[in-house]
Amino acid sequence: MAYDTSPAFAAAQDAADPLAHFRQEFHLPAGPSGQPAAYFCGNSLGLLPKTARAAAEREFKAWEERAVEGHFTGDSPWMTYHETLNEATARVVGARPDEVVVMNTLTVNLHLLLVTFYRPTATRYKVLMEAGAFPSDQYALESQARLHGLDPEQVIVEIAPRAGEHTLRTEDIEAKIAELGDSLATVLFGGINYYTGQVFDMAAITRAGHAVGATVGFDLAHAAGNVLLHLHDWDVDFACWCNYKYLNSGPGGSSGIFVHERFADRPDLVRLAGWWGHDQAERFKMKKGFRPMPGAAGWQLSNGQIITLAIYGASVALFDQAGGMSALRAKSEQLTGYLEFLIHSLGLPKTKLEIITPQNPAERGCQLSLLVHERGRELFDFLAAQGVMADWREPNVIRLSPVPLYNSFEDVRRAGAAISQFYNE
Ligand SMILES: *Cc1c(COP(=O)(O)O)cnc(C)c1O
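Everything quoted here is computed from the prediction, not taken from an experiment.

(A) Spatial organisation of the nonpolar core. Counting residues in hydrophobic clusters, the biggest one holds 67 residues, and the most contacted among them are Phe-189, Leu-220 and Trp-241. Per-element tally for this core: the top contributor is helix H10 (residues 306-321), with eight residues. Both domain 1 (7-48 + 324-424) and domain 2 (76-319) contribute no fewer than three residues apiece to this core.

Structural data, given as structure tokens:
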């Protein structure tokens, strides 16, 4: 696409955008002027879909009117409520419906999956992670090492970008995996690094991990609902993600997990069990002896968090209405490319501001991370005062994520104009 800096360009793009009307489906927060902000924090907390309240209200009503009977009666009885979400979820992450389930929150699910897929032995006990992984993932791994009586320092191997580079090279990740060889128990990577916005080559990492006999899993917090995923075809062992970032299901909204079909009928796999993972036909017989449901459902512990799941159901439905991830991704590449173009057009020297997110659209999602070497915090505050909501990551990164479901080209133009104004004042 040939971008230009004129306001007319943004207006023409919005007028021609087949997804533009989805913006009306969300509540946009107000900026300081009282006008809607240009919201670029969908990587942190997605906006409230207008359909979410009604979806939650339906469940309040069921609770109000039918109380305990709500488990078994109505259009979506609570007993099997989670099943109604599997197909839409599977489409977002490239999975079979039985490979996914929505439950708990992300870090909890990461632990549950590591209990199954990180099974260290005396010789094979290491875990490869990207350096600078999200802190919750680091803490989860440290504590998993201790759970097995191991020293986290001995277990966790981090791979960092080469000197002078901001992002990882796939060939370096592959080489590291090969080097660790049969000492490597598990590879745990983000699908997208939250700080740089780099998309990792999940297919290549999975192949490399499997080649040395390791299990391979991904934290897709920044990838689910953002980029195209093919978890099943990539042969990923396990994955989890939160639904409150690009999937707009609200603060603390429930998380998704993926467990590859290969493990669907493996009741022998070690796991932490609860009654909701138990064979559904026998669940209410309240008998001894855990027998897991086949597929991802067998990792459930508790009965579903229905209000939260209802909100998620409303939000994930919008992805199908918009034509699925490929339609969204096409717009996303244009929006992010436009933002990159506007920033480059300012001609700022790299010593002031550089974009550390990869330039190749295949290696990034919505997000651009600006490494601001001088006056970073001032720039961030200036943007906020102009009604451009970005987010700040210490020590000096501003992340901007134009989201195809609700951001417009005009939002992106506003961000570019505000950055320009900051440097020209
Ligand atoms: C957002 C995020 C989390 C947050 O975890 P919660 O358990 O939902 O609080 C964890 N890991 C990554 C990579 C994230 O981006």
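After presenting the structure, the write-up continues.
(B) Examining the site of the ligand more closely. Residues in close proximity to the ligand include Leu-106, Thr-107, Phe-134, Asp-137, Asp-219, Ala-221, His-222, Tyr-244 and Lys-245, which together make up its full environment. Here a nitrogen atom of the ligand sits 2.8 Å away from a polar atom, N or O, in the side chain of Asp-137. Measuring from a nitrogen atom of the ligand, one finds a side-chain N or O atom of Asp-219 at 3.0 Å. Notes on the ligand: free accessible area 390 Å², of which the protein chains cover 82%.

(C) Highlighting the pattern of salt bridges. Enumeration over the complete set of coordinates arrives at 22 salt bridges. Of the charged contacts, one joins Arg-291 and Asp-279 as a salt bridge, the two residues approaching to 2.7 Å between their closest N and O atoms. Note that Arg-291 is positioned in the loop between strand S10 (255-259) and H10 and Asp-279 in the loop between S10 and H10, a separation of twelve residues in sequence. Assessed through its relative accessible area of 45%, Arg-291 is described here as partly exposed. Residue Arg-393 is joined to Asp-391 by a salt bridge in which the shortest nitrogen-to-oxygen separation is 4.0 Å. By relative accessible area, which is 8% here, Asp-391 ends up buried. Via salt bridges that share partners, Arg-162, Glu-165, Arg-169, Glu-171 and Asp-172 belong to a single interconnected network.

(D) View of the sheet that holds strand S9 (residues 238-242). In space, the seven strands of this open sheet follow the order S4-S10-S9-S8-S7-S5-S6, with mixed pairing throughout. Edge positions in the sheet fall to strand S4 (100-103) and strand S6 (156-159), since each of these pairs with one other strand and no more. The average angle at which neighbouring strand axes cross in this sheet is 20 degrees, direction not considered. The pairing of strand S5 (residues 126-130) with strand S7 (residues 184-190) spans three bridges and is parallel. Residue pairing across strands places Leu-128 opposite Val-187, the latter belonging to S7. Docked against the sheet, helix H5 (residues 135-147) engages S5, S6, S7 and strand S8 (215-219), running at close to 175 degrees with respect to S5. Against the sheet, helix H8 (residues 202-211) makes contact with S7 and S8, and its axis sits at roughly 150 degrees relative to S8, the strand it touches most.

(E) Geometry of the state of the cysteines. Counting across every chain of the model gives zero disulfides. The cysteine Cys-240 is free of any disulfide, with Cys-242 supplying the nearest cysteine sulfur at 9.2 Å. Residue class for Cys-242 comes out buried when judged on its relative accessible area of 1%.

(F) Examining the packing of helix H7 (residues 170-180) against H8 more closely. At a minimum axis distance of 9 Å, the contact between H7 and H8 shows a crossing angle of 15 degrees. When the interaxial angle is binned, H7 and H8 end up roughly parallel. When you trace H7 past H8, the crossing you get is right-handed. Taken together, the residues of H8 that come into contact with H7 (itself represented by Thr-170, Ile-173, Glu-174 and Ile-177) are Ala-204, Ile-205, Ala-208 and Gly-209. Taken together, the residues that form the contact of H7 with H8 break down as five nonpolar, two polar and one charged.

(G) Main features of the packing of aromatic side chains. Taken as a whole and judged by the stated rule, the model has 18 aromatic pairs. With 4.7 Å between their ring centres and 70 degrees between their planes, Trp-275 and Trp-276 make a pair best called edge-to-face. In this structure Trp-275 comes out as partly exposed when scored by relative accessible area, which is 37%. For Trp-276, a relative accessible area of 2% translates into the label buried. Put simply, the rings of Tyr-3, Phe-9, Tyr-338, Phe-341 and Phe-409 touch in pairs and so form one group of aromatic residues.

(H) Broad picture of the environment of Pro-294. In this fold, Pro-294 is placed in the loop between S10 and H10. What makes Pro-294 exposed here is its relative accessible area of 52%. Counting along the chain gives 29 residues from Pro-294 to Asp-265, while the straight-line C-alpha distance between them is 5.4 Å. Once residues within four sequence positions are removed from consideration, Pro-294 is found in contact with Ala-264 and Asp-265.

(I) View of the domain arrangement of the protein chain. By the assigned domains, the protein chain splits into domain 1 (7-48 + 324-424) and domain 2 (76-319). With centres defined by C-alpha atoms, the gap from domain 1 to domain 2 works out at 29 Å. Buried surface at the junction of domain 1 and domain 2, both sides included, amounts to about 2300 Å², of which 61% is carbon and sulfur. Seen at the junction of domain 1 and domain 2, the total is zero salt bridges.

(J) Local environment of the pairing of S4. By the alternation rule, side chains of S4 split into Val-100 and Val-102 and Val-101 and Met-103, which are all buried. Note that S4 and S10 share four bridges and pair antiparallel. The residue of S10 that forms the bridge with Val-100 is Phe-258.

(K) View of the packing of helix H3 (residues 86-93) against H10. As a packed pair, H3 and H10 sit with axes 10 Å apart at the nearest point and diverge in direction by 50 degrees. Taken together, the axis directions place H3 and H10 in an arrangement best described as oblique. When the axes of H3 and H10 are compared, the crossing they make is left-handed. In contact with Ala-88, Thr-89, Arg-91 and Val-92 of H3, H10 contributes Tyr-312, Val-316, Phe-319 and Asp-320. Partitioned by chemical class, the residues of the contact of H3 with H10 number five nonpolar, one polar and two charged.

Calculation notes
- Residues numbered from 1 in each chain as written.
- Predicted model: local features only at pLDDT ≥ 70, side-chain atom pairs only at ≥ 80, totals over all residues.
- Heavy atoms only, no water.
- Core = buried A, V, L, I, M, F, W, Y, C linked by side-chain atoms within 4.5 Å.
- Buried < 20%, exposed > 50% of the residue type's maximum accessible area, 1.4 Å probe, protein only.
- Helix = DSSP H or I, 4+ residues; strand = E, 2+ residues; numbered from the N terminus.
- Domains from an automatic or database assignment.
- Near = heavy atom within 4 Å.
- Polar contact = N/O pair within 3.5 Å; in protein donor to acceptor, adjacent residues only side chain to side chain.
- Areas by Shrake-Rupley, 256 points an atom, 1.4 Å probe, with all protein chains shown as cover.
- Salt bridge = Lys/Arg side-chain N within 4 Å of Asp/Glu carboxyl O.
- Pairing = 2+ DSSP bridges.
- Axes fitted to C-alpha atoms, helices over the stretch in contact; angles between N-to-C directions.
- Contact = heavy atoms within 4.5 Å.
- Disulfide = S-S within 2.5 Å.
- Parallel < 35°, antiparallel > 145°, perpendicular 65-115°, else oblique.
- Left-handed = near helix turned anticlockwise from the far one by under 90°.
- Nonpolar A, V, L, I, M, F, W, Y, C, P; charged D, E, K, R; others polar.
- Phe/Tyr/Trp six-rings, centres within 6.5 Å; stacked < 30°, edge-to-face > 60°.
- Buried area = accessible area lost by both parts, 1.4 Å probe.

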